[in-house]
Every structure is written in structure tokens, then in C-alpha cells.
Amino acid sequence: MSDRRLPAALAAAVTERARPEQLGAAAARLSAGYRANLTSRQAVPDAAGVAAYAASRMPATYAAVTAALDRLAAARPDFAPETVLDLGAGPGTASWAAATLWSSVTSITMVEASPDFRALAADLARAGSFVLQQANIRAGDITQPSGLPNGSFDLAVIAYALTELDLAAAERLVADLLGRAGRIVIVEPGTPRDHSRLMAVRQAALSAGACILAPCPHAGPCPLPPDDWCHTSVRVERSRAHMRLKGGTVPFEDERYAYLVLESGGLAGAENENGGRILRPPRLSKHEIAFSLCRTDGTLGEARIASRDKAAFKAAGKLDWGDWLSGDRRG
Ligand SMILES: C[S@@+](CC[C@H](N)C(=O)[O-])C[C@H]1O[C@@H](n2cnc3c(N)ncnc32)[C@H](O)[C@@H]1O
């Protein structure tokens, strides 16, 4: 598992650029705006807003993107992307995450509509590796074919950006990208709304010939009932400054996110044998550990591992919400 904290150079660059006198009000405005499903253009409309985004949201979106990229690395251990496309890049969160996870990355292209975010992404990238410093940071509307760069990419990441698009445009974008990017990672807020939209995007991707590497262990319809939604969580350490900014009382926050890892063509990954994706936090008692699973046959199920089965119980104790449970342990 990769380090989910912002790289030190990025954290320092973000802190340097945050203007304390404007930060509190801008951060409160953006939190309220995103909670009300406003787009970034409405919620973070200026330079103070994007600086507040980097200070208040980027640690969590970076952690969620890194966790989703880890799932891709687990499903495809030999994957060593050279060319990365970051759509709706904002301050460059996904570009930093990909370049940190894979030293193979030699070229990064970011596409971003907001001039304030592009300026911040360029500024922050100066604190990064050579490949980040050399990133091509383009203006563009990712809902338009003309907004996307020509050529093909080993990896495309769309992080917390599909949520801002019209659903039909989001479906079209992902289906179009499949011919251009070997692997696509999508990360969205872990809400019922975004889960339902992501399932529509998943269907569009499957119809366009994609294979799902994670989280779904099958290509059938999502078996969750309408009042439930697939998401997971990543814990993010909070600095004192971040706690003050977000009014937090504990030195961490739990970022809930939903994601999809897609591959153009191909067959599902090695994880897709027996077992299933852990859908909720495991339930631990003195006698057993119980998991809610999404299974390879497209159904929901439970797995229980008794504490008397010491080796299996110990191994299961290391698994968390969103991990893969191997073996055929149906309850
Ligand atoms: C919530 S921010 C996410 C930023 C970054 N990807 C992250 O994960 O931290 C969404 C970004 O998508 C950008 N965006 C929204 N709609 C867009 C569009 N149609 N074309 C290009 N960028 C867009 C916004 O300007 C904003 O920077």
C-alpha cells in the first residue's frame, strides 16, 4: 500500500501558497458549495478559492486517488505507465499521485477548465519531480472532443470531476477515452448520487468493451438495492492547521469515495477468482469476523471466519473495507 499522505514537497508548497487571512472563509464557502452539489466553477471561483481547495480538500482527494491507483497496481502488478492524462486536474492531484506511485511516468498531461486551478497546478508542479515540472497543463472542456489532447495514454485519471459533468457527457467521455487510454481510473465522492451516476458510467464503459478491474468483481448489473451505494473510505492524517481550518477535533478525517478502474478490452484481473469485494467495514466479535461481500457471480453475500480458525482469522483481521477477500467463504 502506498503512502496516502501528500508528498512532503507538495504539502509544503500548498501550505506556502495558502493565505491564512482568506483561507477560513474560502474553505467554508467551498465545503458548503460542494455539499450543495455546486460545480468547482461556482464553489471555488477565484485564486483564493483554489488555494483553499488545495489546503482543505487536496489531502483527502490525493489519498482517495492513491488508494484507487493502488487497486489498479494490485490488479496489474506489471503495469508501468509512461504517459498519464489527468482530466479535470484541478491543482494536479491525480498527476502527483500517479507520478509518486509509478517512477515509470515520463509524461503528464493535465486538462483543466479553470485558469485559477491551472495556475495553481503549474505553481505546485514546480515543487515536484522533473516529470511534474514538465507537465503539459492545458485549458480545455473535457465534455468536448476538442478539449482532449490528441494521442493515446497508458493511464487516464478523472478524479472528483465526473461529478461536475452532465451525466450523458460523463458517459460519452469515458466511452471515448476507452479507445485512447489503456487504463482509466475514476474517483468520485462516496455519495448515493455519485454511486448511481458511476453505475451509469460503468454500464456505458462495459457497452464500449471495457473490462472492470476494480471494485466490481463481475460485469453484471450492480446487485446493491436502490437504497444502498458502493463506496469505501480512506483515512487521512490531519495537521494542526488542517484541523483548525476544517474545525476538526481528531487528527484524521475519513474520506469516503467511490471509484472504478477500467481497462480497454482484456479480461478481468487475477483477483477475480473466488472471493469478493468487501462492501462495508468488517464486523469483528470475539467469535468471528464477518464481511459483507460483492461476489464474482454478481450476487451479494456474507463471509464469516471463526476465531478458532486461527491462521485465517489472523489474515482476515488485516483486511479492511474495500479490500478483496480471497477464497470461498460464504456465510
Ligand atoms: C473537485 S475538482 C477536482 C480536482 C482534482 N482532480 C482533485 O481530485 O483534487 C473538479 C475539477 O474539475 C474541473 N472541471 C469541471 N468541469 C470541467 C470541464 N468540463 N472541463 C475541464 N475541467 C472541468 C474543475 O474546474 C475542477 O478543477
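Cut-off values and rules
Throughout this description, residue numbers start from 1 for each chain and increase along the sequence as written. Predicted model: local features are reported for residues with pLDDT of at least 70 only, side-chain atom pairs are reported and counted for 80 or more only, and whole-chain, interface and lining totals are derived from all residues. Hydrogens and water molecules were not included; the side-chain quantities draw on all heavy atoms of the structure. Only DSSP runs of H or I reaching four residues or more are called helices, and only runs of E reaching two or more are called strands; each is numbered from the N terminus. Here a residue-residue contact requires only that any non-hydrogen atoms of the pair lie within 4.5 Å. The Shrake-Rupley method, run with a 1.4 Å probe sphere, supplies the accessible areas, and residue values consider only the shown protein chains as cover. In this tally, Asp and Glu contribute negative charge and Lys and Arg positive charge; neither His nor the terminal groups of the chain are included. By convention, the charge on Lys lies at NZ, on Arg at CZ, on Asp at CG and on Glu at CD. Exposed residues in this analysis have more than 50% of their type's maximum accessible area, buried residues have under 20%, and partly exposed residues fall in between, with area computed by a 1.4 Å probe over protein chains only. Put simply, a salt bridge is a Lys or Arg side-chain nitrogen that is within 4 Å of an Asp or Glu carboxyl oxygen. For every domain, the bounds stem from an assignment made automatically or drawn from a database. Each of two parts loses accessible area, computed with a 1.4 Å probe, when they are put together; buried area is these two losses added. Here a polar contact means two N or O atoms within 3.5 Å. Within protein one must be a hydrogen donor candidate and the other an acceptor candidate, and residues neighboring in sequence count only if both atoms are side-chain atoms. Side-chain classes follow a simple rule in which Ala, Val, Leu, Ile, Met, Phe, Trp, Tyr, Cys and Pro form the nonpolar group, Asp, Glu, Lys and Arg form the charged group, and the remainder, Gly included, forms the polar group. Summary of the distance rule: residues count as near a molecule or strand when at least one heavy atom falls within 4 Å of that molecule or strand. The axes are straight lines fitted to the C-alpha atoms, using for helices just the contacting stretch, and the angles between their N-to-C directions are given from 0 to 180°. Between 65 and 115 degrees an angle is taken as roughly perpendicular, under 35 as roughly parallel, over 145 as roughly antiparallel, and anywhere else as oblique. If you view the pair so one helix is near and one far, a crossing is left-handed when the near helix is turned anticlockwise from the far one by less than a right angle, and right-handed when it is turned clockwise. We define the nonpolar core as a collection of buried residues of types Ala, Val, Leu, Ile, Met, Phe, Trp, Tyr and Cys that are connected through side-chain atoms lying within 4.5 Å of one another.

(A) Representation of the overall build of the protein within the structure. When its secondary structure is counted, the protein shows twelve helices and 13 strands. If you line up the protein on its principal axes, its C-alpha atoms span 55 × 45 × 35 Å. Here the analysis covers contacts within the protein between residues at least 6 apart in sequence; of these, 71% occur between residues at least 24 apart. When the accessible surface of the protein is split by element, carbon and sulfur atoms take 52% of a total near 14,800 Å². Each charge class in the protein can be summarised by its mean position, and for the 37 positive and 35 negative side chains these summaries are 5 Å apart.

(B) The arrangement of the environment of A316 in detail. As for its placement among the helices and strands, A316 is situated in helix α12 (residues 310–317). We classify A316 as buried; its relative accessible area is 2%.

(C) Quick look at the pattern of salt bridges. Applying the stated rule across the entire model yields 18 salt bridges. Across the pair D323 and R71 runs a salt bridge, and its minimum N-O distance is 3.1 Å. One end of the pair, D323, is in the loop between α12 and β13 (324–326); the other, R71, is in helix α5 (residues 58–75), with 252 residues separating them in the sequence. Residue R71 is classed as buried on the basis of its relative accessible area of 18%. Residues joined in a network through salt bridges with shared partners are E16, R17, D123 and R126.

(D) Local environment of the domain arrangement of the protein. The domain boundaries assigned to the protein delineate domain 1 (8–263) and domain 2 (276–325). The gap between the C-alpha centroids of domain 1 and domain 2 is 29 Å. Contacts between the two partners involve 16 residues from domain 1, matched on the other side by 13 residues from domain 2. Together, the buried faces of domain 1 and domain 2 total about 1,100 Å²; carbon and sulfur atoms form 59% of this surface. Of all residues in domain 1, the largest losses of buried area upon contact with domain 2 belong to R71, P217 and P223, amounting jointly to 41% of the total for that side. Inspection of the region where domain 1 meets domain 2 yields two salt bridges. Of the charged contacts, one joins R280 and D228 as a salt bridge, the two residues approaching to 2.7 Å between their closest N and O atoms. In this assembly, domain 1 and domain 2 are joined by six residue pairs in polar contact (both at pLDDT 80 or more). Tallied by class, the residues present in the side of domain 1 that touches domain 2 amount to nine nonpolar, four polar and three charged.

(E) Representation of the site of the ligand in the model. As a matter of local geometry, the ligand sits amid 21 residues, with Y53, G88, T93, E112 and D141 nearest to it. Y53 is positioned with one of its side-chain polar atoms (N or O) 2.7 Å from an oxygen atom of the ligand. Within the contact set of the ligand, a nitrogen atom lies 2.8 Å away from a side-chain nitrogen or oxygen of D141. In isolation the ligand has 590 Å² of accessible area, and contact with the protein removes 93% of it.

(F) Seen up close, the packing of helix α1 (residues 8–17) against helix α7 (residues 115–125). Packing of α1 against α7 brings their axes to within 9 Å, and their N-to-C directions diverge by 130°. Comparing their axes, α7 and α1 come out oblique. As α1 packs across α7, the resulting crossing turns out to be right-handed. When α1 is examined against α7, the residues L10, A13, V14 and R17 are found in contact with a partner set consisting of L120, D123 and L124. Taken together, the residues of the contact of α1 with α7 sort by class into five nonpolar, no polar and two charged.

(G) Representation of the nonpolar core within the structure. Counting 60 residues, the largest nonpolar core has L69, I108, L155, V185 and V187 as its most contacted members. If we ignore the near neighbours within four places in the chain, the residues touching L155 are L69, L72, F79, P81, T83, V84, L85, A98, W102, R183 and V185. One finds A170, I184, M199 and A258 within the second-largest nonpolar core, a separate group that totals 30 residues.

(H) Quick look at helix α4 (residues 47–56). Burial runs high along α4: nine of the ten residues are buried. Buried within α4 we find A48, G49, V50, A51, A52, Y53, A54, A55 and S56.

(I) Local environment of the side chain of T93. Along the chain, T93 turns up in helix α6 (residues 93–101). Once you skip the residues sitting within four places of it in the chain, T93 turns out to touch M58, T61, Y62 and D86.

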